[in-house]
Every structure is written in C-alpha cells, then in structure tokens.
Amino acid sequence: DGGITQSPKYLFRKEGQNVTLSCEQNLNHDAMYWYRQDPGQGLRLIYYSQIVNDFQKGDIAEGYSVSREKKESFPLTVTSAQKNPTAFYLCASSRSTAETQYFGPGTRLLVL
Amino acid sequence: GQNIDQPTEMTATEGAIVQINCTYQTSGFNGLFWYQQHAGEAPTFLSYNVLDGLEEKGRFSSFLSRSKGYSYLLLKELQMKDSASYLCAAPTDSWGKLQFGAGTQVVVTP
C-alpha cells in the first residue's frame, strides 16, 4: 500500500524539550513538506524539500529544524526555541515540485 | 505573499447545492487546488484546475478564472458526510509553493 505515514498521532512536549515528528512516504515522491495548522487557520509552510539532501525554509521556520537524508523520510524537530508549539502538524509529499501534494494523517503536538 | 479569501462558514440542507468561492491575487503562476478536510483529519485532494473553465468530477465541480483570480467549488446533492472544511490553495512562485486559504466550514443539515 502506497502512502504517507506520520508518527506519533499525539505527542506531548515538556518545557525546554526538543521533540521529533516522523514522516515517511513510499510513493517515490521527490518533494516533501511540513505544515502547521492552528484552529481556524489555514496551513502554514514550515520547511520543504525538493530533493534528497536539500531543504528550504518556509514561512514559519523559526524554532524548527529538518533533515532529508533519505528520499522516503523527512523528520521535523520542534526545538525548545519554538515558544508556541501546540498545533496540528501535517507532512505532505508530491511527485515533483508544483504537482499535487498528498498529506499524511498528521501529528497533534501538545505542551505539558 | 499571496492573499487567499474564502468564506468562513456555509450551511446547507441535505440534497441541496453549495458553491464555495475563493479569490486570490494573481501571481502569474497557474493552478488552483481544492482540498477537503474533515475535523481532526488531514486534508484530502479534491481537484486541481490549471486552465480556465469548469471541471466536473462526480458530485463535485471546480471552476477557475485565472485573469480574475477567482475559483469556486460546487458541491451538488449534498450528503451529511460532506460536512467538512474546504481549503483552496494557489501557487505563489514558480517552484509551486502553495498558499492556503483559512478554509470554508460547510455544515450540512438534515
């Protein structure tokens, strides 16, 4: 079954802690993306990667970091510098840039 | 950045038709995407218009006018399961980076 998986479904972060959200796809897509969604708002782009070993900042990259060491994987780390991390985090992928993006099921991050 | 405007909420009865409008600043980059998002779930792809005109896909149709920066999503024969948020998204650069609207919450009543 081809698709995009994200784990965990729910994640709790303590003050001052870094946490990493997983995103994996087996669609053989080159491009991958991370979005953040807050209640009543649209999706905002955090980071994106057009190809392996390359990634670019999106509109709200501060307090986040990513890596793209494998085509299938694009993990997102929420660092302690992100002061308001509570949100729904969505990973997406597309065959190439400017093509349709398909989303994973999302991870809901909550701060303890 | 790109300004995407769509209504916050629309209510309609089962079996009716609802039209969700989306306006955006024309950026010179083609295409307009529509996604459906049920509460607590990820967005799912509905349609992509790259040319002007109407594209029909079952009960859902999408229209685009690139010169006017205007699109709409038409939902026909509404069903209760169509209650969801509908997001429009437009490219903001040649790379295809998308700007999403805040979404239109459609409430279908019996």
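The following refers to the structure shown. As the structure is a computational prediction, the values presented were derived from the model and not from experiment.

What counts as what
- Residues numbered from 1 in each chain as written.
- Chains lettered and ligands numbered in written order.
- Predicted model: local features only at pLDDT ≥ 70, side-chain atom pairs only at ≥ 80, totals over all residues.
- Heavy atoms only, no water.
- Helix = DSSP H or I, 4+ residues; strand = E, 2+ residues; numbered from the N terminus.
- Rg over C-alpha atoms; globule rule 2.2 N^0.38 Å.
- Buried < 20%, exposed > 50% of the residue type's maximum accessible area, 1.4 Å probe, protein only.
- Contact = heavy atoms within 4.5 Å.
- Areas by Shrake-Rupley, 256 points an atom, 1.4 Å probe, with all protein chains shown as cover.
- Buried area = accessible area lost by both parts, 1.4 Å probe.
- Salt bridge = Lys/Arg side-chain N within 4 Å of Asp/Glu carboxyl O.
- Polar contact = N/O pair within 3.5 Å; in protein donor to acceptor, adjacent residues only side chain to side chain.

Our next topic: the overall build of chain B. A count of helical and extended segments in chain B gives zero helices and eleven strands. For chain B, the N- to C-terminal ordering of α and β elements is β-β-β-β-β-β-β-β-β-β-β. Taking 110 residues into account, the globule formula puts the C-alpha radius of gyration at 13 Å, and chain B, at 13 Å, falls close to it. By its C-alpha atoms, chain B is 45 × 30 × 20 Å across when sized along the principal axes. Buried residues in chain B amount to 47% of all 110 residues. Residue pairs at least 24 apart in sequence account for 53% of intrachain contacts in chain B once pairs closer than 6 positions are excluded. Within the structure as shown, chain B displays about 5,100 Å² of accessible surface, and the carbon and sulfur contribution to it stands at 50%.

With that settled, consider the interface of chain A and chain B. One frequent convention defines the size of an interface as the accessible area lost when the parts assemble. Taken together, the contact pairs 23 residues of chain A with 18 residues of chain B. In this assembly, chain A packs against chain B so that about 1,600 Å² is buried in total across both faces, 59% of it on carbon and sulfur atoms. Linking chain A with chain B are one salt bridge. The tally of links between chain A and chain B comes to three residue pairs in polar contact (both at pLDDT 80 or more).

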